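One letter stands for each residue in the lines below.
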2 protein chains.
Amino acid sequence: MARSGLVPDLDHFHRWLGEQRRISQMEVRSLPLDHLDGWRTDPDTGNIRHVSGKFYSVEGLDARVTAGPVERWQQPIINQPEVGILGILVKEFDGVLHCLMQAKIEPGNCNGLQLSPTVQATRSNYTRVHGGASVPYLDYFRDTAGHRVLADVRQSEQGSWFHRKRNRNMVVQVTGEVELLAGFCWLTLGQVHQLLALDDLVNMDVRTVLSCVPFAGVNLLRAFGPDLTAFTSSLIRSYGVEADAVHSTSEVLSWITDVRTRRESDAERIALRDVQGWNRDDKKIAHDSGLFFRVIGVGVTATGRETRAWAQPMIEPCGEGVVAFLAKQMNGVLHLLVHAKAEPGYVDVVELAPTVQCTPPNYDAIPGGARPPFLAEVLAARPHQVRFEAVHSEEGGRFFHARNRYSVIEVEGDVDAGHPDYRWLTLTQLASLVQHSHYVNVQARSLIACLHALSA
Amino acid sequence: MARSGLVPDLDHFHRWLGEQRRISQMEVRSLPLDHLDGWRTDPDTGNIRHVSGKFYSVEGLDARVTAGPVERWQQPIINQPEVGILGILVKEFDGVLHCLMQAKIEPGNCNGLQLSPTVQATRSNYTRVHGGASVPYLDYFRDTAGHRVLADVRQSEQGSWFHRKRNRNMVVQVTGEVELLAGFCWLTLGQVHQLLALDDLVNMDVRTVLSCVPFAGVNLLRAFGPDLTAFTSSLIRSYGVEADAVHSTSEVLSWITDVRTRRESDAERIALRDVQGWNRDDKKIAHDSGLFFRVIGVGVTATGRETRAWAQPMIEPCGEGVVAFLAKQMNGVLHLLVHAKAEPGYVDVVELAPTVQCTPPNYDAIPGGARPPFLAEVLAARPHQVRFEAVHSEEGGRFFHARNRYSVIEVEGDVDAGHPDYRWLTLTQLASLVQHSHYVNVQARSLIACLHALSA
């Protein structure tokens, strides 16, 4: 890689990444939940929280959602009221937008190091509660005066595992000189999107921030390069032609309002020790069925560029998930079948999710356990229908080996979308909703980034 | 008034309204909080709730807002988790849009009867928890298939008095025959807006629903008539020319994100009996200073068209409020000085409020009590600057004699808007944000409706 940090091609990038993997090492070992240095189990509630009162805590949730497969349940949940910053710094080199990306290791990543945004910091991080090093490049995002803000929106994260978590997703464009620190490199927007085709490489925080870039009206050809297939030109068309959407945007907004009103959802934080159906032993908190997820403790030792050791509780899901959009050409424009999905951690009842988002075995535990709509179509997709497929990791700072198979499946025949919680939307419509909070969930945002990758 | 329910002119309307006042009578008397039929004070918490568990309850709130005039306080608050429907049915007669309006009497209205939407119903109302009559015209809003939905968005209400209250604001256009029931009439959109110039006539629910009508792109001249002043033509221009906005919409969204992230706001429901600084006696719950508001009990007897009697707790504010936008021509387009205001009952930290929204004496009770920014400019406005002024009532079903003086004050010279919580926005920008939840508060929505009234 050139000293400038620019990456002439992806071979260079992979050599650089390999070097980063050698430099940054992290040892992660299982620890009893009662022996996490800096964390305490509250004797009254059983909640697990940091001694500083900052970062996050593991608490209980009593959730009610009418008209779901299960109408009431209790579960552990992460409460992280702080709003962190996920920021990508971008700059033009020779007329092409480049992103300042970081090779960052996280304890929950199955492969340690993944590609991260320029800045990925909780408020406790950047106010240095644990006395760590200052967060590099943070000032570009804390004071944007003089820079161009391409995206800046607070977005939800996993509503099944987080109680009302929001992060501030930012893309800030600078023109001046930017110092290149060790562990960072400049990739074009096209290169970052190309890397989305690889498993477990572009982390969740990058994916959600990329989805917030307002590509509508942008010359995708120039931004991503000329190698377009029929599918990707339909993607471009889908951005251009709002009038061809099957449902007008005001109809879409009315539908979301209607689902939010029909569904009554209520989630109350309760003491972790009072959560029914879950059991805590030395090592973990697990559901009686063995399904869903477990709360575990890990001890982490990082060596290399920065030496640090810490412990923390994490969520470890049981099994790999399936996250998929069914896609279809309608009125000559690509449409995606969107699910208005209730999750207990959302602020406003439902957010728009991919057509399918589930961990299939979990449904086998539900009495009468019908699998979610359209899962069969996704699992039975034939190779020529699969327009995108890659396994991606969820946030490795909170989730241990949480992986989902993300795909976009193009369908041609009739797909019954008569279900009141599903609608066909264009990418333009989804992308304009991503400019606001509370509309598009993190899995759907990941897939929006992956759809852009089809142009790369 | 013609048998059709159409109103040829406002003289006819006022005669009809006078007749409705004679038909509908309501007696409202003060009752001790412990003697409200159907309501109980919970012995553990002191919360006042309906025996059905429905409707609403009066609870306590422990509020924290960083960087406000007061950073932490406790107060009583209304908890009404149900989402109700505020709906106006519209229909074209001779090519002009007409709204089906209701003359409705509410115990909190200082003058009893005011003009209401077609439907104004909590979920408990329309699921008939108290065994009342069914809600007329409700079906148009519960099943919109076959009709045209002009607006459908869940909006917040008073964030100082309600905990996360939302109502569904709907405008539904029909083409078929609509039966005209007693107490209802058809007014043109222009007529309803003209009536906004009168004190205490068009109720809060009408004002918020009207603000959600997407007038952008609509031919206001045709909708409202030809009697335009220079000011109102600037209003029309302000809708037309997005590019002339002082701040681009992405800058505005980034500013809102920034304020929401800078401000930490947390509001926890607590037991009403634990609320500090407030005292309960037989008749009321009041703040030790005598300021802010009181929780009172009323007994209501309605006679006339429908005879009913009931009791309920209400909030009675202490004093008349001031709600005002400073307005200014910039780049040839009308801009409004908007305040990103934190209120403890909001779901997402702040919403956009008018430049000034306060009850002035309340500030005299705050130690060091600086009055809110721009209040002096509003109170000192000279007659030629006052483009709109009327006293309007807040929702008479929960608030007793809650009145605010709403005004739009045009300024010419430099007004220092360097305060980080204030920005100049065009009406187009505000109106496009009103299409989504969580952006524009109920007082600002009222003033948006009043700004449209300037075209009527």
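Residues numbered from 1 in each chain as written. Chains lettered and ligands numbered in written order. Predicted model: local features only at pLDDT ≥ 70, side-chain atom pairs only at ≥ 80, totals over all residues. Heavy atoms only, no water.

K.L.:
Give a detailed account of the overall build of chain A, specifying residues and quantitative values.
P.N.:
Each helix and strand counted, chain A has twelve helices and 25 strands in total. Here chain A has a C-alpha radius of gyration of 22 Å; the compact-globule value for 456 residues is 23 Å, and the two agree. Its C-alpha atoms give chain A principal-axis dimensions of roughly 60 × 55 × 40 Å. A total of 456 residues make up chain A; the buried ones form 60% of that total. (Helix = DSSP H or I, 4+ residues; strand = E, 2+ residues; numbered from the N terminus. Rg over C-alpha atoms; globule rule 2.2 N^0.38 Å. Buried < 20%, exposed > 50% of the residue type's maximum accessible area, 1.4 Å probe, protein only.)

K.L.:
So what's going on with the relation of the copies chain A and chain B? Residues and values would help.
P.N.:
Mapping chain A onto chain B leaves a residual RMSD of 0.0 Å; the transformation is a rotation of 180° accompanied by 0.0 Å of translation along its axis. Classification of the inter-copy transformation places it as that of a two-fold axis. Minimal C-alpha separation from the rotation axis in chain A is found for A:V347, amounting to 3.7 Å. Mapped onto chain B, 100% of the interface residues of chain A again fall at the interface, so both copies present the same surface. (Least-squares fit on C-alpha atoms with pLDDT ≥ 70 in both. Contact = heavy atoms within 4.5 Å.)

K.L.:
Lay out the confidence of the model for chain A in plain terms, naming residues and giving numbers.
P.N.:
Residue and element names in this part refer to chain A. Averaged over all residues, the pLDDT of chain A equals 90, while 90% of them reach at least 70. For chain A, the element scoring lowest by mean pLDDT is helix α6 (residues 220–224), at 51; strand β8 (residues 113–116) scores highest, at 98. In this model, residues 225–231 is a region of pLDDT below 50 whose contacts with residues beyond four sequence positions or in other chains number twelve contacts. Reported for the predicted complex are a pTM of 0.93 and an ipTM of 0.91. (pLDDT = per-residue confidence, 0-100.)

K.L.:
Can you explain helix α12 (residues 442–453) of chain A? Please cite residues and give values.
P.N.:
Think of an α-helix as turning once every 3.6 residues; residues three or four places apart then point the same way. Given a rise of 1.5 Å per residue, twelve residues ought to cover 16 Å, and the 17 Å separating the end C-alpha atoms of α12(A) matches this to within 8%. Of the residues making up α12(A), those classed as buried are A:V442, A:Q443, A:A444, A:R445, A:S446, A:L447, A:I448, A:A449, A:C450, A:L451, A:H452 and A:A453. (Expected span 1.5 Å × (residues − 1).)

K.L.:
With reference to specific residues and values, describe the packing of aromatic side chains.
P.N.:
Taken as a whole and judged by the stated rule, the model has 20 aromatic pairs over all chains. Where B:F13 meets B:W16, the ring centres are 5.9 Å apart and the plane angle is 40°; that geometry is what we call tilted. Taken together, the residues span about one helical turn, with B:F13 and B:W16 both in helix α1 (residues 10–23) at a distance of three residues. Summarising the burial analysis for this pair, B:F13 and B:W16 share the class buried. Among the aromatic residues, those joined into a ring-pair cluster are A:W161, A:F162, A:W278, A:F293 and A:F399. (Phe/Tyr/Trp six-rings, centres within 6.5 Å; stacked < 30°, edge-to-face > 60°.)

K.L.:
How would you summarise the UniProt feature "binding site: dTDP-4-dehydro-6-deoxy-alpha-D-glucose 1" (unreviewed entry) in chain A if you had to cite specific residues and measurements?
P.N.:
All names here are of chain A. With numbering matched to this structure, UniProt assigns "binding site: dTDP-4-dehydro-6-deoxy-alpha-D-glucose 1" (unreviewed entry) to W39, T122, R123, S124, N125, Y126, D205, E395, G396, G397 and R398. Considering the C-alpha atoms alone, the annotated residues occupy 360 residues of sequence and remain spread out, their largest mutual distance being 25.3 Å. Its place among the elements puts E395 in the loop between β23 (386–393) and β24 (403–410). What makes E395 buried here is its relative accessible area of 10%. Apart from residues no more than four positions distant in its own chain, E395 is found in contact with E106, Q120, M204 and D205. Mapped onto the elements, G396 comes out in the loop between β23 and β24. The exposure class of G396 is buried, given its relative accessible area of 5%. Aside from chain neighbours lying at most four places away, what touches G396 is E106, P107, G108, N109 and M314. (UniProt positions renumbered as here; feature names shortened; annotations may be inferred.)

K.L.:
Residue-level account of the interface of chain A and chain B, with values.
P.N.:
Tallying the contact residues gives 27 residues for chain A and 27 residues for chain B. Of the roughly 2,200 Å² buried between chain A and chain B, counting both surfaces, carbon and sulfur atoms make up 40%. Among the residues chain A hides against chain B, the three largest losses belong to A:R154, A:T261 and A:H436. Together they make up 23% of the total. Applying the counting criterion to the chain A and chain B interface returns six salt bridges. Notably, a salt bridge pairs A:R166 with B:D348, separated by 3.1 Å at the nearest N-O pair. (Buried area = accessible area lost by both parts, 1.4 Å probe. Salt bridge = Lys/Arg side-chain N within 4 Å of Asp/Glu carboxyl O.)

K.L.:
Mind laying out the pattern of salt bridges, listing which residues take part and the relevant values?
P.N.:
All names here are of chain A. Inspection of every chain in the model, using the stated rule, returns 46 salt bridges over all chains. In this structure, R405 and E320 form a salt bridge, with 3.4 Å as the shortest nitrogen-oxygen distance. Of this pair, R405 sits in strand β24 while E320 sits in the loop between β18 (308–317) and β19 (321–330), and the two are 85 residues apart along the sequence.

K.L.:
An account of the state of the cysteines is requested, with residue identities and associated values reported.
P.N.:
Residues and elements named next belong to chain A. Overall, the coordinates contain zero disulfides over all chains when judged by the stated rule. Sulfur of C99: no disulfide; nearest cysteine sulfur belongs to C185 and is 9.8 Å away. For C99, a relative accessible area of 1% translates into the label buried. Among the cysteines around C318, which has no disulfide bond, C358 carries the closest sulfur, lying 14 Å off. (Disulfide = S-S within 2.5 Å.)

K.L.:
With reference to specific residues and values, describe the side chain of B:Q173.
P.N.:
Residues and elements named next belong to chain B. Secondary-structure assignment places Q173 in strand β12 (residues 166–173). With a relative accessible area of 12%, Q173 lands in the buried category. When neighbours within four sequence positions are excluded, Q173 is seen to be in contact with V90, E92, L97, H147, R148 and L150.

K.L.:
So what about empty space enclosed by the protein? Which residues, and what values?
P.N.:
This structure, assessed with the given rule, holds five cavities of 30 Å³ or more. The calculated volume of the largest cavity comes to roughly 90 Å³. As for the largest cavity, its lining consists of A:R260, A:H436, A:S437, A:H438, A:Y439, B:R260, B:H436, B:S437, B:H438 and B:Y439. Per-class residue counts for the lining of the largest cavity are two nonpolar, six polar and two charged. (1 Å grid on protein atoms, 1.4 Å probe; cavity = no way out; pocket = protein on both sides within 12 Å on 5 of 7 lines; lining within 4 Å. Points joined across faces, edges and corners; volume = space filled by probe spheres on them. Nonpolar A, V, L, I, M, F, W, Y, C, P; charged D, E, K, R; others polar.)

K.L.:
Break down unusual backbone geometry for me, with residues and values.
P.N.:
Positive phi is not limited to glycine here, since A:F55 has a value of about 55°. Structurally, the position occupied by A:F55 is in the loop between β3 (48–50) and β4 (57–65). Given a relative accessible area of 11%, A:F55 falls into the buried group. With a phi angle near 70°, B:V349 is a residue other than glycine that sits in the positive phi range. For B:V349, the location among the structural elements is in the loop between β20 (333–342) and β21 (350–353). On the basis of relative accessible area, B:V349 is assigned to the buried category, the value being 9%.

K.L.:
Residues and numbers for helix α8 (residues 249–262) of chain A, please.
P.N.:
Taking 1.5 Å per residue as the helical rise, α8(A) with its 14 residues ought to reach 20 Å, and the 20 Å between its terminal C-alpha atoms agrees with that figure. Along α8(A), the residues classified as buried are A:V252, A:L253, A:S254, A:W255, A:I256, A:T257, A:V259, A:R260 and A:T261.

K.L.:
Can you tell me about the pairing of strand β18 (residues 308–317) of chain B, naming the residues and giving the values?
P.N.:
Residues and elements named next belong to chain B. When you tally the buried positions in β18, you get seven out of ten residues, the bulk of the element. Where strand β17 (residues 293–303) meets β18, ten bridges bridge the pair, whose relative direction is antiparallel. Residue pairing for β18: G297 is matched across the bridge by P313. Hairpin remark: β17 followed by β18, antiparallel, with four residues in the connecting loop; positive phi at G304, about 110°. (Pairing = 2+ DSSP bridges.)

K.L.:
Can you explain the pairing of strand β6 (residues 84–93) of chain A? Please cite residues and give values.
P.N.:
Each regular strand shows side chains that alternate between the opposite faces of the sheet. All names here are of chain A. Here β6 lies mainly inside the structure; nine of its ten residues are buried. Bridge count between β6 and strand β12 (residues 166–173): seven bridges; the pairing is parallel. In the strand pairing of β12, L86 is matched with N169. Where β6 and strand β9 (residues 119–121) come together, three bridges link them in antiparallel fashion. When the bridges of β9 are listed, L86 appears paired with Q120.

K.L.:
How would you explain the side chain of B:T122 if you had to name every residue and give the values?
P.N.:
All names here are of chain B. Tracing the chain through its elements places T122 in the loop between β9 (119–121) and α2 (123–126). Here T122 falls in the buried class, since its relative accessible area comes to 11%. Ignoring anything within four residues of it in the chain, the contact list for T122 reads Q80, E82, G84 and R398.

K.L.:
Any chance you could break down the environment of B:A271 for me, citing the residues and the numbers?
P.N.:
Residue and element names in this part refer to chain B. Examined against the element boundaries, A271 turns out to sit in the loop between β14 (265–270) and β15 (278–280). According to the relative accessible area criterion, A271 is buried, its value standing at 15%. A C-alpha to C-alpha distance of 9.5 Å links A271 and D62, two positions 209 residues apart in sequence. Ignoring any residue separated from it by four or fewer positions in sequence, one finds A271 in contact with T45, N47 and G60.

K.L.:
Go over the packing of helix α5 (residues 204–211) of chain B against helix α12 (residues 442–453) of chain B, please, and point to the residues and values.
P.N.:
All names here are of chain B. Where α5 meets α12, the closest approach of the two axes is 8 Å, and the angle between their N-to-C directions is 75°. Here α5 is positioned roughly perpendicular relative to α12, judged by the angle of their axes. Of α12, the residues touching α5 (which contributes M204, R207, T208, L210 and S211) are V442, R445, S446, I448 and A449. (Axes fitted to C-alpha atoms, helices over the stretch in contact; angles between N-to-C directions. Parallel < 35°, antiparallel > 145°, perpendicular 65-115°, else oblique.)

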